[in-house]
Amino acid sequence: VQLQASGGGLVQAGGSLRLSCAASGRTFSAYVMGWFRQAPGKEREFVAGINRGGISTYYSDSVKGRFTVSRDNAKSTVYLQMNSLKPEDTAVYYCAAGRGAGLRTVTEYDYWGQGTQVTVSS
């Protein structure tokens, strides 16, 4: 499956952004979808995940209550709504697709998008 992330940009602290990730090539609904981020000099870290049907979602503690992951299987797209953004949210954000359930680690995901930059100014 091919993944194309978009929606990043520059925003002030306290602002919002919505990231999108469009999938093509295979049955989108067969995959668990996840969002990760990587700041300069740091390892890629899990942000949010959503199960195949879009009913079950899960988040890292650092974004819980501020970010919301959702998906539209008819449009083969997963979203990440980011509210109350903080400077420490600055990173390149990646979407990923994988099988299994409750996937939280980089190695559990099989396909990756190219990343979109999110910069939060203080």
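Everything that follows concerns the structure shown earlier in this document.
(A) Expanded view of the environment of D89. As for its position among the elements, D89 is in the loop between β8 (77-82) and β9 (91-98). Looking at D89, the relative accessible area reads 0%, which means it is buried. When sequence neighbours within four positions are dropped, the list of residues in contact with D89 reads R37, R66, F67, S84, V118 and V120.

(B) Looking closely at the sheet that holds strand β7 (residues 67-72). Overall, antiparallel pairing links the four strands, which are arranged β1-β3-β8-β7 in an open sheet. Of all strands in the sheet, those with a lone pairing partner are β1 (2-6) and β7, marking the two edges. Shown here is a sheet whose adjacent strand axes are inclined to one another by a mean of 15°, direction ignored. Strand direction decides the pairing type here: strand β3 (residues 17-24) and β8, joined by six bridges, are antiparallel.

Reading the values: the criteria
- Residues numbered from 1 in each chain as written.
- Predicted model: local features only at pLDDT ≥ 70, side-chain atom pairs only at ≥ 80, totals over all residues.
- Heavy atoms only, no water.
- Helix = DSSP H or I, 4+ residues; strand = E, 2+ residues; numbered from the N terminus.
- Buried < 20%, exposed > 50% of the residue type's maximum accessible area, 1.4 Å probe, protein only.
- Contact = heavy atoms within 4.5 Å.
- Pairing = 2+ DSSP bridges.
- Axes fitted to C-alpha atoms, helices over the stretch in contact; angles between N-to-C directions.

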